[in-house]
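Residue-level listing of the chains:
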Amino acid sequence: MNIGAVTLPSICSHTSHCAFPVRATASNGVTSPPNLAIEGKNLSYAITARNGKLVPILNDCSLCIPSGQLWMLLGPNGCGKSTLLKILAGLLNPTHGAVYVKRPRSFVFQNPDHQVVMPTVEGDVAFGLGKFNLTQNEVRSRVAKALHAVGMSDYLQRPVQTLSGGQKQRVAIAGALAESCKVLLLDELTTFLDESDQIGVIKAVKNSLDGSEEVTALWVTHRLEELEYADGAIYMENGKVVMHGTPSNIMGFLKERISSYTNRINS
Ligand SMILES: Nc1ncnc2c1ncn2[C@@H]1O[C@H](COP(=O)(O)OP(=O)(O)OP(=O)(O)O)[C@@H](O)[C@H]1O
């Protein structure tokens, strides 16, 4: 993991600016310096309600994430985390702003039962490789490498319906890695998991990033305890990026918030 190998963005407290320069291009995206995997500038998103009025969901969100790192996207229910992740995945188009995400990118959904489509682990991880015109040996080698990265090498022939939720998530991540995915966008993967599965999935993601700048992951979560595994974090409220920085800075900010809230309640 290359913590410190690149300068992390300093905390952008109460602003939506990144410490990294973001250069606009003529197209919809932004041109990113080579060490960034994800960059969004002034992203807004609104939906049109039945009465024809625009309802803002995201408001002027900026973020930048260095290559090879695991970042977390935190915030209360309904603050816009999944919407932002879907914009980064290309599943939604921002109403305003520019976005750059290294390709290929992969979105892994919350529900483990929506992740796996083939009867066996091997078949599932190999599923997306059909489009690459690979030899059988190359497919086997990619599947083996991806399963090794997520700690599932021993499960090659296992029927997927016998896997736990966390194991299914790891198989889904292996599928993305087998396709040489550069950016993993992970939407609250631990919501349906028990504690040991939860930690297993985070460790699998960490492990799949270790040692190179090849793969970058953005992990949406509610759980503050997961911050300890992150290289950086983004905190959102009410459709805005409120903080963008190191996990300890975000943790400090949130502890201060909780303490001032508790003081207000008690006074
Ligand atoms: N298609 C839509 N139509 C109406 N409202 C929407 C739509 N998509 C998102 N929203 C609203 O936008 C807000 C942000 O939703 P989003 O799912 O991005 O939040 P979130 O932070 O991921 O929430 P959670 O943590 O509960 O999953 C919510 O109030 C949600 O109800």
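Within any chain, residue numbers begin from 1 and follow the written order of that chain's sequence. Local features are withheld for residues below a pLDDT of 70 in this predicted model, meaning they are given only at 70 or higher, and side-chain atom pairs are given and counted only at 80 or more; totals for whole chains, interfaces and linings count all residues.

J.: Could you clarify how one ought to interpret the sheet that holds strand 11 (residues 240-245) in this entry?
T.: In a beta sheet, neighbouring strands pair by backbone hydrogen bonds and run either parallel or antiparallel. Pairing is mixed in the open sheet, where six strands are placed in the order 7-8-9-5-10-11. Each end of this open sheet is capped by a strand with a single partner; those strands are strand 7 (105-108) and strand 11. Taken pair by pair, the neighbouring strands of this sheet meet at an average axis angle of 15°, ignoring direction. Note: two strands are recorded as paired if DSSP finds a minimum of 2 bridges between them. Helix and strand assignments follow DSSP, with helices taken as H or I runs no shorter than four residues and strands as E runs no shorter than two, numbered in order from the N terminus. Bridging between strand 5 (residues 70-74) and strand 9 (residues 216-221) involves five bridges; their strand directions are parallel. Within strand 9, the residue paired with tryptophan 71 across the bridge is leucine 218. The contact rule is simple: place each C-beta atom from the backbone, and if two of them lie within 7 Å, those residues are in contact. Geometry is summarised by axes, namely lines fitted to C-alpha atoms with helices restricted to the contacting stretch, and by angles between N-to-C directions that run from 0 to 180 degrees. Strands in contact with helix 4 (residues 165-178) are strand 7 and strand 8 (183-187); relative to strand 7, the strand with the most contacts, it is inclined by about 165°.

J.: Explain the site of the ligand here, please?
T.: A molecule or strand has a residue near it when that residue's C-beta atom, placed from backbone coordinates, lies within 6 Å of it. Residues in contact with the ligand, as listed here, are Ile47, Ile57, Gly75, Asn77, Gly78, Cys79, Gly80, Lys81, Ser82 and Thr83. Classification convention: Asp, Glu, Lys, Arg as charged; Ala, Val, Leu, Ile, Met, Phe, Trp, Tyr, Cys, Pro as nonpolar; all other residues, Gly among them, as polar. Of the residues assigned to the shell around the ligand, the class counts are three nonpolar, six polar and one charged.

J.: Before we go on, may I ask you to explain the nonpolar core in this structure?
T.: Where a protein is soluble and globular, its nonpolar side chains tend to be buried together. With 71 residues, the main nonpolar core has Ala174, Leu184, Val205 and Leu218 as its most contacted residues. No other element matches the seven residues that helix 4 contributes to this core. We call a set of buried Ala, Val, Leu, Ile, Met, Phe, Trp, Tyr and Cys residues a nonpolar core when their C-beta atoms link them within 7 Å. Partly exposed residues are those falling between the two cut-offs: more than 12 but fewer than 20 other C-beta atoms within 10 Å of their own, whereas 20 or more means buried and 12 or fewer means exposed, with C-beta atoms placed from the backbone.

J.: Help me understand the packing of helix 4 against helix 5 (residues 195-209), please; the structure alone is not making it clear to me.
T.: For any two helices packed against each other, one specifies the inter-axial angle together with the distance between the axes. At a minimum axis distance of 8 Å, the contact between helix 4 and helix 5 shows a crossing angle of 15°. As judged from the angle between their axes, helix 4 and helix 5 are roughly parallel. When you trace helix 4 past helix 5, the crossing you get is right-handed. Contacts between helix 4 and helix 5 involve Gly165, Gly166, Gln169, Arg170, Ile173 and Leu177 from the first element and Asp197, Gln198, Gly200, Val201, Ala204, Val205 and Ser208 from the second. Broken down by class, the residue content of the contact of helix 4 with helix 5 amounts to five nonpolar, six polar and two charged. Under this scheme an angle from 65 to 115 degrees is roughly perpendicular, one under 35 degrees roughly parallel, and one over 145 degrees roughly antiparallel; angles in between are oblique. It is the rotation of the near helix from the far one that decides the hand of a crossing: anticlockwise by less than a right angle makes it left-handed, clockwise makes it right-handed.

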